[in-house]
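Residues per chain are reported as follows:
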Protein chains: 2
Amino acid sequence: MDEKRTELDRLGEFGLIDHLTSKFTTKQASTTLGIGDDAAVIRISDTESMLVSTDFLIEGVHFNLMYMPLKHLGFKAVAVNVSDICAMNGKPEQITVSMAVSSKFPVEALEELYEGIQIACEAYGVDLVGGDTTASYSGLTLSITAIGRAETEKIAYRSGAKENDLLIASGDLGGAYVGLQVLEREKQVFQANPNIQPDLDGHDYIVQRQLKPEARVDIIEYLKELDVVPTSMIDISDGLASEVLHICKASKVGCRLYDEKIPIDGKTSMTAIEFNLDPATCALNGGEDYELLFTISQSDWDKIKGNPHMTPIGHITDAADGAYFVDKNGSAIELRAQGWDHFEQ
Amino acid sequence: MDEKRTELDRLGEFGLIDHLTSKFTTKQASTTLGIGDDAAVIRISDTESMLVSTDFLIEGVHFNLMYMPLKHLGFKAVAVNVSDICAMNGKPEQITVSMAVSSKFPVEALEELYEGIQIACEAYGVDLVGGDTTASYSGLTLSITAIGRAETEKIAYRSGAKENDLLIASGDLGGAYVGLQVLEREKQVFQANPNIQPDLDGHDYIVQRQLKPEARVDIIEYLKELDVVPTSMIDISDGLASEVLHICKASKVGCRLYDEKIPIDGKTSMTAIEFNLDPATCALNGGEDYELLFTISQSDWDKIKGNPHMTPIGHITDAADGAYFVDKNGSAIELRAQGWDHFEQ
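Computed from a prediction, not measured in an experiment: that's the story for all the values here.

**Things to note about the overall build of chain A**
Here's step 1: Counting its secondary structure elements, chain A contains 10 helices and 14 strands.
Here's step 2: Expressed as lengths along the three principal axes of its C-alpha atoms, the size of chain A is roughly 55 × 55 × 50 Å.
Here's step 3: Looking at the 345 residues of chain A, the share that counts as buried comes to 53%.
Here's step 4: Put simply, 84% of the contacts in chain A that link residues at least 6 apart link residues at least 24 apart.

And the structure:
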């Protein structure tokens, strides 16, 4: 047999999706946008659309139950999907939770998981409306679908950034990745000597960023109050570099991103340095911050200027000018995505 | 430590979902129905609703790649979710496909899977609008979400059956289960001696029922043309007995189901007998036929009478009269669900 065998890691996650779905076309009049953004867009009336986003969370790939309590996992599973709806400038309303679980879990463990799910549903005002529950042979797999709603003309796609637009990030970045380093270190200490209690003192903020990220529904509300419609938007799940490049690719533009502008919390910086990591690199490549990255027209700048939750970190250029990160010395370095790619492990 | 540990199989699949979600309430005005039917119902306008249904398909639990070709699996994954939208008397429009896959699969295998998904999308007129793709440590897991639309007042819930309504089944039943027996037998022959080719001669129909079940979108179209709105509906995924009992429980009614009325194809009966199985038992407890089971008001009987795709199999009674299966000798046997419960394996 000389059957062709192409290994999955040849294509990477995004390449694989593109490859497998390239022949699909859409036919329903209601389908406004299919694959390729944070959520699908389905028209439901002359002015409104439904947003649908779905994510897998797999034990050993996306989470490690050794340091991720089940209640936190439940919260995070909802938050990251709500974040995808926010990333379209939409309002999350419903969620479905499917769970495949091996018999190693007792009912009490799943009660904890659902307690976290419930807390997140209440925090974000979303209703749990369905799901599927089944046995699995290996650990815990969650599949979440979030459903939201938006005024059709205010939906922010990845593809709408224009030359001279400002690039804005919400909150602060890199914390989730540095928090993960702290948790990994304590796990190794514990594995070497189970009598030593984990030492997370002084790391509450960044550990929380990793274990209990918040979806920025508040940013969507601020933008609405300020009457600002982002020209493009994405949530920062895979690291700032990867997300900026998604916007540049979808919008067919370039960008300049400034090291000194990236919002990084003091505790994130200090701990990064303790681990011999460059804080900016943690923000660029770390991932899992679930902040929002968006572009606004310069004419909207006055409306958000001074808002402590939103930081201008760069601007959009012509595609021909490329996508560059400008470091503290003023050197421009071409941006590359080095986010999480599960197929490359 | 005296921590309480309750094993999952104590509750069973449905019991577990009920238990974990009992404290959840819904708050969004748009949420018409949450957990507990084939699909969630979300109001999108004064007259229309969106239907959302989601299912896991897990290697080793829901399918066996030893006899389920990946193209068939792709088709089936879409069909069973489209079937859930049909079961609400809705029109399927979009689908999301999430896939967790181990590196044992080459890209070519996933191309086959997506070819099957594409054929089903075209057959049922649904658009693939999103999904998530990730690595897994064990085999292949698919999570599919189907989205459909319905006139709100024509949605068929499980809970609407009334005393004296007629119980109708589409197509024929038991074939998928008997087809599985044929596939299992050939698998064992192959395992004993890999040089023997599988002998599926004369079993095309029932093997097809197992490997490539069709969602009955045609039944939904017939009902629309005939101007019949079922008083209740469910799809037959877990066996007729289990589904009838779901309707009885949700509608707070009883029923009489007649052995001699159950539509069973000749090839299903013959092969069942070859395996020493009672054909009616295969229909009652076998599962995976993905036909529709529904109730209609007696006043609608004239509209569907003589339709070869719909068979009256019994009628609804008062709850106090219980749910009974009447065998060919006229003996009434209390109905029990013996469908697939993955936690009880």
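**Focus on the sheet that holds strand 14 (residues 332-334) of chain B**
Residues and elements named next belong to chain B.
Here's step 1: With respect to topology, 7 strands assemble into an open sheet ordered 9-11-8-12-10-13-14, the strand pairing being mixed. The outermost strands of the open sheet, each flanked by one partner alone, are strand 9 (232-236) and strand 14. The mean angle between the axes of side-by-side strands here comes to 25 degrees, regardless of whether they run parallel or antiparallel.
Here's step 2: Direction of pairing for strand 8 (residues 166-170) relative to strand 11 (residues 291-296): antiparallel, over a ladder of 4 bridges. Within strand 11, the residue paired with Leu 167 across the bridge is Thr 295.

**So, the interface of chain A and chain B**
Here's step 1: On the side of chain B, 68 residues touch chain A, which itself brings 70 residues to the contact.
Here's step 2: Of all the secondary-structure elements, those providing two or more residues to the side of chain A that touches chain B are helix 1 (12-21), strand 2 (40-43), strand 3 (48-58), strand 4 (91-101), helix 3 (107-124), strand 5 (127-130), strand 6 (133-135) and strand 7 (140-151) of chain A.
Here's step 3: Residues of the side of chain A that touches chain B, tallied by class, amount to 29 nonpolar, 28 polar and 13 charged.

**A short note on the packing of helix 4 (residues 175-192) of chain A against helix 8 (residues 266-274) of chain A**
Residues and elements named next belong to chain A.
Here's step 1: Running from N to C, helix 4 and helix 8 cross one another at 45 degrees; their axes reach a closest spacing of 9 Å. Relative to helix 8, the element helix 4 lies oblique. Where helix 4 crosses over helix 8, the two elements pack in a sense that is left-handed. Along the contact surface, helix 4 presents Gly 175, Val 178 and Val 182, while helix 8 presents Thr 268, Thr 271 and Ala 272.
Here's step 2: Along the lines of polarity and charge, the residues of the contact of helix 4 with helix 8 split into 3 nonpolar, 3 polar and no charged.

**Structural notes on helix 4 of chain A**
Here's step 1: Taking 1.5 Å of rise per residue, the 18 residues of helix 4 of chain A would be expected to cover 26 Å, and the 26 Å separating its terminal C-alpha atoms lies within 8% of that figure.
Here's step 2: Within the span of helix 4 of chain A, buried status applies to Gly175(A), Ala176(A), Tyr177(A), Val178(A), Gly179(A), Leu180(A), Val182(A) and Leu183(A).

**Regarding the sheet that holds strand 9 (residues 232-236) of chain A**
Across a sheet, strands are paired by hydrogen bonds formed along the backbone, either parallel or antiparallel in direction.
Residues and elements named next belong to chain A.
Here's step 1: The strand order across the open sheet formed by 7 strands is 9-11-8-12-10-13-14, and the pairing between neighbours is mixed. The sheet terminates laterally at strand 9 and strand 14 (332-334), the two strands that pair on one side only. Within the sheet, the average angular offset between the axes of one strand and its neighbour, ignoring direction, is 25 degrees.
Here's step 2: Sheet analysis places strand 10 (residues 253-258) next to strand 13 (residues 323-326), joined by 4 bridges and oriented parallel. Note on strand 13: the bridge partner recorded for Leu 257 is Phe 325.
Here's step 3: Along the sheet face, helix 7 (residues 240-251) touches strand 9, strand 10, strand 11 (291-296) and strand 13 and points at about 155 degrees away from the line of strand 9.

**Some thoughts on the relation of the copies chain A and chain B**
Here's step 1: Taken as rigid bodies, chain A and chain B are interconverted by a rotation of 180 degrees and an axial shift of 0.0 Å, the fit giving an RMSD of 0.0 Å. The symmetry that links the two subunits is that of a two-fold axis.
Here's step 2: The residues that chain A uses at the interface reappear at the interface of chain B in 97% of cases, marking a shared surface.

**Observations regarding unusual backbone geometry**
All names here are of chain A.
Here's step 1: Despite not being glycine, Asn 164 shows a phi value in the positive range, around 80 degrees.
Here's step 2: Within the fold, Asn 164 resides in the loop between strand 7 and strand 8 (166-170).
Here's step 3: Residue Asn 164 is classed as partly exposed on the basis of its C-beta count, with 13 C-beta atoms lying within 10 Å.

**Here's the deal with the nonpolar core**
Here's step 1: In this structure, Val78(A), Val82(A), Val244(A), Val78(B), Val82(B) and Val244(B) are the most contacted members of the largest nonpolar core, which totals 206 residues.
Here's step 2: With near-sequence residues (within four places) excluded, Val82(B) lies in contact with Pro92(B), Tyr124(B), Val126(B), Ala146(B), Ala215(B) and Val217(B).

**Things to note about the pairing of strand 2 of chain A**
Residues and elements named next belong to chain A.
Here's step 1: Relative to strand 2, strand 1 (residues 31-33) runs antiparallel, the two being bridged by 2 bridges. Bridged to Thr 31 within strand 2 is Ile 42.
Here's step 2: Following strand 1, the chain reverses through 6 residues before pairing antiparallel with strand 2; Gly 36 in that reversal takes a positive phi of roughly 120 degrees.
Here's step 3: Where strand 2 lies against strand 3, 4 bridges are found, and the strand directions are antiparallel. From the neighbouring strand, Ala 40 faces strand 3, where its bridge partner is Val 52.
Here's step 4: Taken together, strand 2 and the strand that follows it, strand 3, pair antiparallel across an intervening segment of 4 residues.

**Some remarks on the domain arrangement of chain A**
All names here are of chain A.
Here's step 1: The domain architecture assigned to chain A consists of domain 1 (8-154) and domain 2 (158-344).
Here's step 2: Contacts between the two partners involve 26 residues from domain 1, matched on the other side by 25 residues from domain 2.
Here's step 3: Contributions of two or more residues to the side of domain 1 that touches domain 2 are made by helix 1, helix 2 (70-86) and strand 4.
Here's step 4: No other element matches the 9 residues that helix 2 contributes to the side of domain 1 that touches domain 2.
Here's step 5: Tallied by class, the residues present in the side of domain 1 that touches domain 2 amount to 14 nonpolar, 4 polar and 8 charged.

**Description of the environment of Ala250(B)**
All names here are of chain B.
Here's step 1: Relative to the assigned elements, Ala 250 resides in helix 7 (residues 240-251).
Here's step 2: What makes Ala 250 partly exposed here is the crowd of 17 C-beta atoms within 10 Å.
Here's step 3: The spacing of Ala 250 and Asp 37 is 213 residues in sequence and 9.0 Å in space, taken between C-alpha atoms.
Here's step 4: Residues in contact with Ala 250, not counting those within four places in the same chain, are Arg 158 and Ser 159.

**Quick word on the environment of Asp37(A)**
Residues and elements named next belong to chain A.
Here's step 1: When you line up the elements, Asp 37 lands in the loop between strand 1 and strand 2.
Here's step 2: Residues Asp 37 and Arg 158 lie 121 residues apart in sequence; the distance between their C-alpha atoms is 6.4 Å.
Here's step 3: Every residue in contact with Asp 37, bar those within four places of it in the chain, is listed here: Met 88, Tyr 157 and Arg 158.

**Quick notes on the pairing of strand 10 (residues 253-258) of chain B**
Residue and element names in this part refer to chain B.
Here's step 1: Of the two faces of strand 10, the one holding Val 253, Cys 255 and Leu 257 is buried and the one holding Gly 254, Arg 256 and Tyr 258 is not buried anywhere.
Here's step 2: As judged from the 5 bridges shared by strand 10 and strand 12 (residues 310-318), these two strands associate in the antiparallel manner. Bridge pairing links Gly 254 to Thr 317 in strand 12.

**A short note on helix 5 (residues 204-211) of chain A**
Every α-helical turn comprises 3.6 residues, leaving residues that sit three or four positions apart pointing alike.
Here's step 1: Regarding helix 5 of chain A, the residues found buried are Ile206(A), Val207(A), Arg209(A), Gln210(A) and Leu211(A).
Here's step 2: For helix 5 of chain A, the secondary structure elements touched by its buried residues are helix 2, helix 4 and helix 8 of chain A.

**Topic: the environment of Arg10(A)**
Here's step 1: Note that Arg10(A) resides in the segment before helix 1.
Here's step 2: Taking C-alpha positions, Arg10(A) is 45 Å from Lys303(A), a pair spaced 293 residues apart along the chain.

Cut-off values and rules
- Residues numbered from 1 in each chain as written.
- Chains lettered and ligands numbered in written order.
- Predicted model: local features only at pLDDT ≥ 70, side-chain atom pairs only at ≥ 80, totals over all residues.
- Helix = DSSP H or I, 4+ residues; strand = E, 2+ residues; numbered from the N terminus.
- Buried ≥ 20, exposed ≤ 12 C-beta atoms within 10 Å, placed from the backbone.
- Contact = placed C-beta atoms within 7 Å.
- Pairing = 2+ DSSP bridges.
- Axes fitted to C-alpha atoms, helices over the stretch in contact; angles between N-to-C directions.
- Nonpolar A, V, L, I, M, F, W, Y, C, P; charged D, E, K, R; others polar.
- Parallel < 35°, antiparallel > 145°, perpendicular 65-115°, else oblique.
- Left-handed = near helix turned anticlockwise from the far one by under 90°.
- Expected span 1.5 Å × (residues − 1).
- Least-squares fit on C-alpha atoms with pLDDT ≥ 70 in both.
- Core = buried A, V, L, I, M, F, W, Y, C linked by C-beta atoms within 7 Å.
- Domains from an automatic or database assignment.

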